[in-house]
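In case you want the letters, here they are:
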Amino acid sequence: MRKSGMLMPVSALPGAYGIGCFSKEAYEFVDILKEAGQKLWQILPLGQTGYGDSPYQSFSTFAGNPYFIDLETLIEDELLTKEECDQADFGENEEEIDYEKIYNARFKVLKLAYKRAKKNGLMESKAYRTYLEEEKAWLADYALYMAVKDSFDGKSWDQWEEDIRLRKPEAIAAYQEQLSAEIDFYEFLQYLFAGQWAGLKTYANEQGIEIIGDIPIYVAFDSADTWSHPELFQLSEGCVPKAVAGVPPDAFSATGQLWGNPLYDWEYHRKTGYDWWILRIGYSYRLYDIVRVDHFRGFEAYFSIPYGDETAVNGHWEKGPDFELFAAMKMKLGKKEMIAEDLGVITPPVRKMIKKCGYPGMKVLQFAFDSYDSEYLPHNYDKNCIVYTGTHDNQTTRGWYEENNRKVQKYIREYLRVKSGKDVVEAMIATAMSSTAGTAVIPMQDWLGLGREARMNFPSTLGDNWKWRLTDGQLTDALAAHMKDVTKTYCR
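Residues numbered from 1 in each chain as written. Predicted model: local features only at pLDDT ≥ 70, side-chain atom pairs only at ≥ 80, totals over all residues. Heavy atoms only, no water.

The subject of this paragraph is the overall build of the protein. When you go through the protein residue by residue, the secondary structure sums to 19 helices and 12 strands. A compact globule built from 492 residues would reach a C-alpha radius of gyration of about 23 Å, and the protein, at 23 Å, matches this within 12%. On the principal axes, the C-alpha backbone points of the protein span a range of 70 × 55 × 40 Å. For the protein, buried positions account for 56% of its 492 residues. Here the protein has roughly 21,900 Å² of accessible surface; of this, 51% comes from carbon and sulfur atoms. Separation between the mean location of the 56 positive side-chain charges and that of the 74 negative ones in the protein comes to 7 Å. (Helix = DSSP H or I, 4+ residues; strand = E, 2+ residues; numbered from the N terminus. Rg over C-alpha atoms; globule rule 2.2 N^0.38 Å. Buried < 20%, exposed > 50% of the residue type's maximum accessible area, 1.4 Å probe, protein only. Areas by Shrake-Rupley, 256 points an atom, 1.4 Å probe, with all protein chains shown as cover. Lys, Arg positive; Asp, Glu negative; His and termini not counted. Charge placed at Lys NZ, Arg CZ, Asp CG, Glu CD.)

Right under this line is the structure:
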């Protein structure tokens, strides 16, 4: 069935208190998607972010971001007062997230909610105890990790004292006793997150909207996952990485990209029947209806960079688990909808793996105009793919067109059959929606025709990413009607 949807991060939703969250505005956004004839809402990873604020570098592959907990719901539940929330400084620019202010204000307010919840007996309720039991496979380690991290002033776990860094049993017991209140606090936040997200997702599904979730292939070194399960990764006995992840030099970067994530010990995973991966993917399908896996080609072969190097120049390719992992996953979890993020240089073995998996890959129209027969041009698509005008890592389509040279701009206009640059964004959307791709996903910024000021991320940079927000009044009934008309025209 042909269908379409929108790429819109939760963080970018409008609303009070500095950042998009699971608030009434999120429910209203779902209503507009339905009104606009859309069937999919694609979001970015929901994990708790750390330094740099990237949703692709999370403190846990399982834990949710406390920033997304709706404070207005906590006010209704009498865990907070409106005055307490209004007095906190979450930043004043409604078009941009101020992460420093969010960090400094959010946890203070949420600790007030925690103290009231503890006082009124919420932690003794059956629902709360059941949640802790159901999520114990990851929650206890995560909460302990966050509490210990706070006690060391936020330092990465490799800078903690040796006994707790290496998880010696006596140290674990001592910190569990010493930091019991802080541990309870982080478990409480995850309980709130899980309940509020489940409510929003259920509502979306009831309106005929499926959620496309996004998970990174790798986890952060400074994470509960790496600290609590070092055996999963290529670490030395002292828990120092032997090598780290990235991608090789290419036309976009002469030194490649040094991501720094720990690499998986795939031989260990193979011996366990990929249990941790099956747990991770299975958990993702509780959060989302469809899962997009970032850097999918890394399962066939991954780029290994010597630990300590400052660039990716000295890296080399190593063989990954290939289809074996997905065969094990399908056996344990059944057939699931997954999107393979197959962008970049894709080799024949990678294509073979993706074809064997049967998952749709991605086609990004902004990548289509560097040659006259690019695989990203719509006349080269098959049906089993998902087309985007651009992604969270791309410039907005308007900004992308404006930044191209005149020769490329001319080719873009010729291919799209438009005479003026001001018509390019609308034509790009129509081209994606009219293509043979089974699914089309359009970023919110492109429906609004926004320029470079609305770009979400500049890959391999820090300090100015993940900040853009939609403001009240931008997504109008007239725009929803236009979206519905375009969607209907191209039978999606």
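The rest of the description comes next.
Locating Asn457 in the fold gives a position in the loop between helix H18 (444–447) and helix H19 (477–489). By relative accessible area, Asn457 is classed as buried at 6%. A polar contact is formed between the side chain of Asn457 and the side chain of Asn465, at a distance of 3.2 Å. Setting aside anything within four residues of it in sequence, one finds Asn457 in contact with His392, Asp393, Asn465 and Trp466. (Polar contact = N/O pair within 3.5 Å; in protein donor to acceptor, adjacent residues only side chain to side chain. Contact = heavy atoms within 4.5 Å.)

The side-chain alternation of strand S10 (residues 361–364) yields two buried faces, one formed by Gly361 and Lys363 and the other by Met362 and Val364. Here 4 bridges tie S10 to strand S11 (residues 385–388), and the two strands are oriented parallel to one another. Residue Met362 lies in a different strand from S11, and its bridge partner there is Ile386. (Pairing = 2+ DSSP bridges.)

Moving on, we get to helix H6 (residues 139–151). For H6, spanning 13 residues, the distance from its first C-alpha to its last is 18 Å, which sits close to the expected 18 Å at 1.5 Å a residue. For H6, the full list of buried residues reads Leu139, Asp141, Tyr142, Ala143, Leu144, Tyr145, Met146, Ala147, Val148 and Lys149. Close packing links the buried residues of H6 with helix H5 (126–134), helix H7 (162–165), helix H8 (169–178), helix H9 (180–206) and helix H10 (224–228). Phi turns positive, to about 55 degrees, at Asp153, one or two residues after H6. (Expected span 1.5 Å × (residues − 1).)

This part covers the environment of Tyr56. Inspection of the secondary structure puts Tyr56 in the loop between strand S2 (40–42) and helix H2 (71–76). As a C-alpha pair, Tyr56 and Ala454 span 398 residues in sequence and 19 Å in three-dimensional space. What Tyr56 contacts, discounting residues up to four positions off in sequence, is Leu44, Pro45, Asp214, Pro216, Arg292, Asp294, His392 and Trp466. A polar contact is formed between the side chain of Tyr56 and the side chain of Asp214, at a distance of 2.5 Å.

Residues Trp41 and Phe296 are the most contacted members of the largest nonpolar core, which totals 167 residues. When residues of this core are assigned to their parent elements, the largest contribution, 10 residues, is made by H9. The residues contacting Trp41, other than those within four sequence positions of it, are Met6, Met8, Val10, Leu13, Phe29, Val30, Leu33, Leu200, Ile209, Glu210, Ile211 and Ile212. (Core = buried A, V, L, I, M, F, W, Y, C linked by side-chain atoms within 4.5 Å.)

Put simply, H8 and H9 touch, their axes get as near as 5 Å, and they point 80 degrees apart. Considering the angle they form, H8 stands roughly perpendicular to H9. Judged by residue contacts, Tyr175, Gln176, Glu177 and Gln178 of H8 engage Ser180, Glu182 and Ile183 from H9. Within the contact of H8 with H9, the residues separate by chemical class into 2 nonpolar, 3 polar and 2 charged. (Axes fitted to C-alpha atoms, helices over the stretch in contact; angles between N-to-C directions. Parallel < 35°, antiparallel > 145°, perpendicular 65-115°, else oblique. Nonpolar A, V, L, I, M, F, W, Y, C, P; charged D, E, K, R; others polar.)

Right, let's get into the sheet that holds strand S4 (residues 243–247). Read from one edge to the other, the open sheet built from 4 strands follows the order S5-S4-S7-S8, with strand pairing classed as antiparallel. The open sheet terminates on both sides in strands that have one partner only, identified here as strand S5 (257–262) and strand S8 (316–319). This sheet shows a mean twist of 50 degrees between the axes of neighbouring strands, independent of strand direction. Pairing analysis gives 3 bridges linking S4 to strand S7 (residues 301–306), with the strands arranged antiparallel.

This part takes up the sheet that holds strand S9 (residues 338–340). The parallel open sheet is built from 8 strands, whose spatial order is S9-S6-S3-S2-S1-S12-S11-S10. Only two strands of the sheet have a single neighbouring strand rather than two, namely S9 and S10. When strand polarity is set aside, the average angle formed by the axes of neighbouring strands in this sheet is 25 degrees. Here strand S1 (residues 3–7) pairs with S2 via 3 bridges, running parallel. Within S2, the position partnered with Leu7 by the bridge is Gln42. Against the sheet, helix H1 (residues 24–35) touches S1 and S2, its axis set at about 135 degrees to S2.

Such coordinate-based values are descriptive only and should not be taken to indicate function.
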